[in-house]
Amino acid sequence: MTSDPTSIRDAATVILLRDTAEGPAILMGQRGAKAAFMPNKFVFPGGAVDAADADVALAQPVSDPCATRLREDSSTDLTNALSAAAIREVWEETGQVIGAPGTWATPPADWAEFAAKGHVPDAQHLHFFFRAITPPGRPRRFDARFFLMDAARLQSDPDDFSAASDELSHLQWIPVARARDFNLPFITEVVLAEVAALRRIGPPASVPFFKNDDEDSLFRRIYGASPTE
């Protein structure tokens with residue numbers, strides 16, 4: 001029995017932000033022309049949560065404000081699963097390492113190459129930044145949590161994509177000021193507006209939430225606990 005492709009799957013996406021000579025830049029790649037979801041679009045690295053992600057041990061979890069907000073409006077606590085999925089997807093799609101030096105007893109198959117780099121996943125520098133549910137009627141639907149991270153925290157060369165899979169092509173650091181010149185999904189343009197308004201990298205004052213489920217289509221903000229200074 002196959003799963004319904006239009007059911008809403010939990011997903012994690014990562015916005016890596018880097019200082020460049022042209023100003024702040026973000027890491028993006030282009031989805032394939034035959035992709036079922038957002039073909040040809042330039043997107044941030046990310047993807048669906050796997051069942052095994054909930055059991056992946058993290059060197060450090062996300063901050064308390066982020067964890068509180070991730071749990072809000074969720075039937076189960078997906079904090080660890082979403083954090084692990086975010087780190088795994090960045091590794092798979094870009095070859096970049098979000099982690100801390102360490103060893104695994106027996107890494108899951110999806111993490112074997114990551115573990116071979118001598119790191120374990122570390123979520124402490126991931127900041128929950130945005131949430132959006134794909135509207136009804138799309139070929140794939142996701143409840144996507146976007147995380148923001150300073151690229152200076154990467155444990156890898158930010159210009160080395162040699163370990164990346166072929167899921168995203170044309171991986172590159174795109175200046176935020178020029179990102180709208182690329183073929184972007186609508187929701188990515190909305191997220192970029194939030195990125196452009198940033199004054200610092202850390203837990204934001206609130207997390208925008210585009211809630212396009214089958215019962216409601218609305219925009220609200222997730223506050224949770226007050227962010228730490």
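None of these values were measured; they are calculated from a predicted model. Per chain, the residues get numbers from 1 upward, laid out in the order the sequence is written. Local features in a predicted model are, by the rule used here, given only for residues with pLDDT of at least 70; side-chain atom pairs are given and counted only at 80 or more, and totals for whole chains, interfaces and linings are based on all residues. Where side-chain values are given, they derive from all heavy atoms of the structure, hydrogens and water being excluded.

## Regarding the overall build of the protein
Helix numbers and strand numbers start at the N terminus; a helix is a DSSP run of H or I with at least 4 residues, a strand a run of E with at least 2. Each helix and strand in the protein was counted, giving 4 helices and 11 strands. Only the C-alpha atoms count toward the radius of gyration. The rule for a globule is 2.2 Å times the residue count to the power 0.38. What you see for the protein is a C-alpha radius of gyration of 17 Å, in line with the 17 Å of a compact globule of 229 residues. Oriented by its inertia axes, the alpha-carbon framework of the protein measures out at about 45 × 45 × 40 Å. Think of it in three bands: with a 1.4 Å probe and only protein chains considered, a residue is buried below 20% of the maximum accessible area for its type, exposed above 50%, and partly exposed in between. Expressed as a percentage of the 229 residues in the protein, the buried residues total 47%. Here the protein displays about 11,000 Å² of accessible surface, and carbon together with sulfur accounts for 50% of that area. Side-chain charges in the protein split into 22 positive and 32 negative, and the spacing between the mean points of these groups amounts to 5 Å. For every accessible area listed, the method is Shrake-Rupley and the probe measures 1.4 Å; residues are considered covered only by the protein chains on display. The convention is simple: Lys and Arg are positive, Asp and Glu are negative, and His and the chain ends are not counted. Here the site of a charge means atom NZ of a Lys, CZ of an Arg, CG of an Asp or CD of a Glu.

## Points about the side chain of aspartate 143
Position of aspartate 143 relative to the elements: it lies in strand β8 (residues 141-150). Of the residues examined, aspartate 143 reaches a relative accessible area of 7% and is grouped as buried. In contact with aspartate 143, not counting residues within four places along its chain, are Ile8, Arg9, Asp10, Ala11, Arg131, Ala132 and Ile133. Residue contacts follow a heavy-atom distance rule, with two residues in contact if any of their heavy atoms lie within 4.5 Å.

## Looking at empty space enclosed by the protein
Only protein atoms enter the 1 Å grid used here, on which a cavity is any set of points holding a 1.4 Å probe that cannot leave and a pocket is any open set flanked by protein within 12 Å on both sides along at least five of seven lines; residues with an atom within 4 Å of a point are listed as lining. Grid points are joined across faces, edges and corners, and a volume is the space filled by probe spheres set on the points. One pass over the full model with this rule turns up 1 cavity of 30 Å³ or more. Computed from the structure, the largest cavity encloses a volume of approximately 30 Å³. Classification convention: Asp, Glu, Lys, Arg as charged; Ala, Val, Leu, Ile, Met, Phe, Trp, Tyr, Cys, Pro as nonpolar; all other residues, Gly among them, as polar. Classifying every residue of the lining of the largest cavity by side-chain character gives 2 nonpolar, 3 polar and 2 charged.

## Some points on the environment of arginine 31
Along the chain, arginine 31 turns up in strand β2 (residues 23-31). Taking relative accessible area as the criterion, arginine 31 reaches 18% and is therefore assigned buried. Distance from arginine 31 to lysine 41, taken between C-alpha atoms, is 5.5 Å for residues 10 residues apart in sequence.

## Some words on helix α1 (residues 64-71)
Along α1, the residues classified as buried are Pro65, Cys66, Ala67, Arg69 and Leu70. On its buried face, α1 is in contact with α2 (79-94), β7 (127-133), β8, β10 (207-212) and β11 (217-222). In the stretch just after α1, aspartate 73 is the one whose phi turns positive, near 55°.

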